[in-house]
Amino acid sequence: MKVTVVGAGNVGATCADVLAYREIANEVVLVDIKEGLAEGKALDIWQKAPINLYDSRTVGVTNDYSKTAGSDVVVITSGLPRKPGMSRDDLIETNAGIVKTVTEQVVKYSPDAVIVIVSNPLDVMTYQAHITSQMPRNKVMGMAGILDTARYRAFLAEALNVSPKDIQAVLMGGHGDTMVPLPRYTTVGGIPVTEMIDKDKLDAIIERTKFGGGELVKLMGTSAWYAPGSAAAQMVEAIVRDQKRVFPVCVKLEGEYGIDDCYLGVPVVLGKGGIEKVIELDLNAEEKTLLEDSRQHVKEVMAVLDKLN
């Protein structure tokens with residue numbers, strides 16, 4: 001198994017590190033446009049192998065996609081990170097051009113790869129990669145829901161003083177302020193979360209989750225990387241090992257939830273073929289309204305990308 005991570009910044013390097021440490025692929029190729037950056041980080045990860053006892057080889061290259069040929073999965077993290085005061089949508093013009101160029105190279109050398117997008121604005125960059133690659137929708141997806149649910153679950157675990165391992169949750173919609181957390185589908189060791197926490201506290205956690213990325217940007221002056229990189233690696237593991245994991249993932253909807261031609265986070269089954277099934281939940285009226293609001297926002301940003309193209 002061969003996995004390529006494009007972008008050797010904090011998110012990409014974290015993803016490559018987790019992939020190697022967990023021995024998810026025989027070879028992990030790290031690519032970056034900055035001379036020596038990918039080579040250095042890949043070498044650093046490889047030199048850690050005798051300490052942490054793993055066999056996965058990490059290789060770094062500067063803008064040489066021939067070394068990525070035959071990749072089973074490609075994770076694209078390229079693009080500018082957010083700065084304080086920026087929305088994800090502010091990044092659209094610059095990052096769309098980067099994602100387009102990268103996707104063209106990925107498809108040239110690994111035409112059968114599954115592509116996982118991490119670049120922001122996530123939903124629209126998934127759209128850009130999909131139209132550039134001309135691949136079926138099951139092979140081009142965005143990583144957002146796993147990160148968002150992880151933040152939600154972490155906040156809940158803290159509030160309830162329980163292990164985050166025992167919290168299961170689903171979020172839907174766009175990656176950002178219009179995401180749709182679903183308390184009705186949130187459980188703690190199988191117990192509905194509404195039986196474990198007061199509504200006002202739960203609502204506050206949901207609001208914090210919606211702005212979870214912005215909170216970190218304010219604290220650090222740039223986007224998060226440990227959780228996003230690990231979340232992308234978890235998606236790769238599900239695909240490479242054909243695990244049939246159920247995760248919220250950004251995908252092009254084609255009639256599901258009554259929505260057509262829009263890229264939104266929904267629960268799916270992830271396996272060797274990429275997205276093997278889109279799961280349709282029986283949403284209530286309030287949840288449908290929130291999802292529709294999210295859809296409208298994503299479509300507006302998709303329209304901006306259409307004008308740029």
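Residues numbered from 1 in each chain as written. Predicted model: local features only at pLDDT ≥ 70, side-chain atom pairs only at ≥ 80, totals over all residues. Heavy atoms only, no water.

Undergrad: If you had to explain the sheet that holds strand β10 (residues 187-188) to someone new, which residues and values would you point to?
TA: If you trace the three strands from one edge of the open sheet to the other, you get β7-β10-β11, paired in antiparallel fashion. Only two strands of the sheet have a single neighbouring strand rather than two, namely β7 (167-168) and β11 (191-192). As paired strands, β7 and β10 are joined by two bridges and run antiparallel to one another. Looking at β10, one finds that Gln-168 is bridged to Thr-187. (Pairing = 2+ DSSP bridges. Helix = DSSP H or I, 4+ residues; strand = E, 2+ residues; numbered from the N terminus.)

Undergrad: Could you give an account of the nonpolar core, naming the residues involved and the relevant values?
TA: Core analysis: the largest hydrophobic core is formed by 86 residues, its most contacted members being Leu-19, Met-141, Met-172 and Leu-270. Contacts of Leu-19, omitting those with residues within four sequence positions, involve Val-3, Val-5, Ile-24, Ala-25, Val-28, Ser-56, Ala-233 and Val-236. In this structure, Phe-155, Met-179, Val-193 and Ile-206 belong to the second largest nonpolar core, which totals 15 residues. (Core = buried A, V, L, I, M, F, W, Y, C linked by side-chain atoms within 4.5 Å. Buried < 20%, exposed > 50% of the residue type's maximum accessible area, 1.4 Å probe, protein only. Contact = heavy atoms within 4.5 Å.)

Undergrad: With reference to specific residues and values, describe the packing of helix α4 (residues 92-109) against helix α10 (residues 285-308).
TA: Relative to each other, α4 and α10 sit at 65°, their axes nearing to 11 Å. Crossing of α4 over α10 shows right-handed handedness. Residues Ile-92, Glu-93 and Ala-96 of α4 form the contact with α10, whose own contacting residues are Val-301, Val-304, Leu-305 and Leu-308. Looking at the contact of α4 with α10 residue by residue, the classes come out as six nonpolar, no polar and one charged. (Axes fitted to C-alpha atoms, helices over the stretch in contact; angles between N-to-C directions. Left-handed = near helix turned anticlockwise from the far one by under 90°. Nonpolar A, V, L, I, M, F, W, Y, C, P; charged D, E, K, R; others polar.)

Undergrad: Break down the pattern of salt bridges for me, with residues and values.
TA: For the coordinates displayed, the defined rule picks out 15 salt bridges. Glu-254 is the partner of Arg-137 in a salt bridge, and the nearest nitrogen-oxygen pair spans 3.5 Å. With Arg-137 in the loop between α5 (122-133) and β6 (140-142) and Glu-254 in strand β12 (residues 245-254), the pair connects residues that are 117 residues apart, well separated along the chain. Overlapping salt bridges bring together Arg-22, Glu-237 and Arg-241 as one network. (Salt bridge = Lys/Arg side-chain N within 4 Å of Asp/Glu carboxyl O.)

Undergrad: Give a description of the pairing of strand β2 (residues 27-32) that names residues and reports values.
TA: Taken across its six residues, β2 has five buried, putting it largely inside the fold. Of the strand pairs in this sheet, strand β1 (residues 2-6) and β2 are connected by five bridges, and their pairing is parallel. Counterpart to Val-5 in the pairing with β2 is Leu-30. This β-α-β element, β1 to helix α1 (residues 10-21) to β2, shows right-handed connectivity. (Right-handed = clockwise from strand over helix to strand, strands pointing away.)

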